[in-house]
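# Commentary on secondary and tertiary structure
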Amino acid sequence: MSPANFLDLESAAGRGASLLIGVLFGFWLERAGFGSSRKLAAIFYRRDFAVLKVMFSAMATAAVGLWLFESLGLITTAELFRPRTIWAPVIAGGLLFGVGFVMGGFCPGTALVGLGSGGIDALVFLVGAAAGSVGFLAAWPLLENWMTLGDRGVLTWPDLLNLPTGVVALAVVVIAVSAFWAADRWLLRPESGRSPS
Amino acid sequence: MKTPLRRDAAIGPEPHWNPYWSGIGLGLVLLLSFVVLGTGLGASGGLARAAATVCDGIAPGCFEDHPYAASWFDGSSPLLHYLVSMGAGVLLGGLLSAWIAGRMRVRVERGPRIGRNGRLLLALCGGVLVGFASRMAGGCTSGQALSGGALLLPGSWAFTAAVFAGGFAVAPFFRKEWEA
């Protein structure tokens, strides 16, 4: 391990770099139109698949980039922070998150962008999300056992499938491109005659 | 004289950028984060720390013995965590982009069939669910779905699939909130 390659996250330099990376992140999200709750929610009514397209092209770009950088010996992915795979809380949390996403019209990152561009709905969403986070902390004693149910530690597809990382990264690209094509070809609903006001 | 940087409001806001280019740009930002910080992007973690800080301000020491959150207060304020800085950056970046594009507008976005207060109530409730669920899943669409997805982690892919499954399953109940 040589974590010295990375900026110390607890240093002022680490916080400054985090701030700048955050600015770039927020900028790109807003470029894509993700400060708008209506645009984000539109995927669930099959009117606009930008959420799918942006998210999966980002994921595929970074997956291929990580593989390239690792092949060139520039980074070691095992040194990066990787969340553990814990099946029960990840799947239940995902389902609950999806319900909140369509109900609230944002996720945490896009809500920050929505607030930055003047969205009052984004501000109210963020107040709710702050309360929900504290609610989770308050409910911790009830959830403690659930939170470790199905803990597989740090698990990766290449390890699980016994495939080289490059093959999985390229599979992500193929899956993403197929999903974009299929979504526009079969899922997209034409705009209804009643235009939104 | 208008600045060349900023869109003239009179001609209306700039169109959004192509989703594929936006996605590739986001992917490069994510890569930058991995290379420079050794970790991916995150939004919910900073928000949770800010919320916990507010609670600690109201009831000092309330997370002192908390098995999950006590470490956030170890030695210094949770506000000094790098995810809080990143979250502040996301807000600023969104502001900058919206300003350049002429998209800055105080607004409550909603479909034509719901009132302003109804929409804000749903935004609040949706936020509560998302805040709770992000902590349960160990991250949100940024930290878990996007960053973990790019790291090829099955748990992150399962989270992503569950988000879409949950959203599509209940979307018919919220049609009035968004659709004509």
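Residues numbered from 1 in each chain as written. Chains lettered and ligands numbered in written order. Predicted model: local features only at pLDDT ≥ 70, side-chain atom pairs only at ≥ 80, totals over all residues. Heavy atoms only, no water.

## So, the packing of helix H1 (residues 12-31) of chain A against helix H3 (residues 82-101) of chain B
Going by this rule: Only the stretch in contact is used when a helix axis is fitted, and all axes are lines through C-alpha atoms; the angle between N-to-C directions ranges over 0 to 180 degrees. Labels follow the DSSP assignment, with helices taken as runs of H or I lasting at least four residues and strands as runs of E lasting at least two, numbered in each case from the N terminus. Roughly parallel refers to an angle under 35 degrees, roughly antiparallel to one over 145, roughly perpendicular to one between 65 and 115, and oblique to any angle outside these ranges. For any helix crossing, the convention is left-handed if the near helix is rotated counterclockwise from the far helix by under a right angle, and right-handed if that rotation is clockwise. Residues are grouped as follows: nonpolar covers Ala, Val, Leu, Ile, Met, Phe, Trp, Tyr, Cys and Pro; charged covers Asp, Glu, Lys and Arg; every other residue, Gly included, is treated as polar.
Relative orientation of the contacting elements H1 of chain A and H3 of chain B amounts to 40 degrees, with a least axis distance of 6 Å. Regarding the angle of H1 of chain A to H3 of chain B, the classification is oblique. Between H1 of chain A and H3 of chain B the crossing geometry is right-handed. Each residue belonging to the contact of H1 of chain A with H3 of chain B can be placed in one class, and the counts come to 14 nonpolar, eight polar and three charged.

## Structural notes on the nonpolar core
Test applied: Definition of nonpolar core: a set of buried residues of the types Ala, Val, Leu, Ile, Met, Phe, Trp, Tyr and Cys, connected through side-chain atoms within 4.5 Å. Residue burial is assigned from relative accessible area. The probe radius is 1.4 Å, only protein chains are included, and a residue is buried under 20% of its type maximum, exposed over 50%, and partly exposed in between. Domain extents, as shown, originate in an automatic or database domain assignment. Pairs of residues are marked as contacts when any of their non-hydrogen atoms sit within 4.5 Å.
By size, the foremost hydrophobic cluster in this structure holds 77 residues, and its most contacted members are Phe25, Phe34, Phe44, Phe56, Phe97 and Val102 of chain A together with Leu41 of chain B. With ten residues, the top contributor of residues to this core is helix H3 (residues 50-71) of chain A. Domain assignment of the residues forming this core places at least three in each of domain 1 (1-31) and domain 2 (34-192) of chain A. In contact with leucine 41 of chain B, other than residues within four places in its own chain, are Ile21 and Phe25 of chain A together with Val29, Leu30, Ser33, Met86, Ser142, Gly143, Leu146 and Ser147 of chain B. In this structure, Leu137 of chain A together with Phe63, Trp72 and Met136 of chain B belong to the second largest nonpolar core, which totals twelve residues.

## Some words on the confidence of the model for chain A
Rule in force here: Confidence scores per residue from the predictor, reported as pLDDT, run from 0 to 100.
The predicted model of chain A averages 94 in pLDDT, with 94% of residues at 70 or higher. Below a pLDDT of 50 lies the segment residues 193-197 of chain A, which in the model reaches four contacts outside its immediate sequence neighbourhood of four places, other chains included.

## Things to note about the domain arrangement of chain A
Residues and elements named next belong to chain A. Basically, it comes down to this: Two parts placed together each lose some accessible area; with a 1.4 Å probe, that loss summed over both constitutes the buried area. In the sections that follow, a salt bridge refers to a side-chain nitrogen of Lys or Arg positioned within 4 Å of a carboxyl oxygen of Asp or Glu. Whenever a nitrogen or oxygen atom comes within 3.5 Å of another N or O atom, the pair is scored as a polar contact, on the condition that within protein one atom can donate a hydrogen and the other can accept it, and that pairs from neighbouring residues in sequence are kept only if both atoms are in side chains.
What the domain assignment lists for chain A is domain 1 (1-31) and domain 2 (34-192). Look at where the C-alpha atoms of domain 1 and domain 2 centre, and you get two points 19 Å apart. Between domain 1 and domain 2, the residue contacts involve seven residues of the former and eight residues of the latter. Carbon and sulfur atoms make up 68% of the surface buried where domain 1 meets domain 2, a total of about 650 Å² over both sides. Viewed at the interface, domain 2 and domain 1 are joined by zero salt bridges. Summed over the shared surface of domain 1 and domain 2, the result is one residue pair in polar contact (both at pLDDT 80 or more). Its residues placed into classes, the side of domain 1 that touches domain 2 shows three nonpolar, three polar and one charged.

## Thoughts on helix H4 (residues 87-104) of chain A
Residue and element names in this part refer to chain A. Stated formally: Multiplying 1.5 Å by the residue count of a helix minus one yields the expected span of that helix.
With 18 residues, H4 ought to run about 26 Å at 1.5 Å a step, and its terminal C-alpha atoms sit 25 Å apart, in line with that. Buried residues dominate H4, accounting for 13 of its 18 residues. Downstream of H4 by one or two residues, glycine 105 has phi in the positive range, about 85 degrees.

## Looking at the side chain of serine 156 of chain B
Position of serine 156 of chain B relative to the elements: it lies in helix H6 (residues 154-170). For serine 156 of chain B, a relative accessible area of 1% translates into the label buried. Leave out the neighbours within four places in its chain, and serine 156 of chain B touches Pro83 of chain A together with Gln144, Ala145, Gly148 and Gly149 of chain B.

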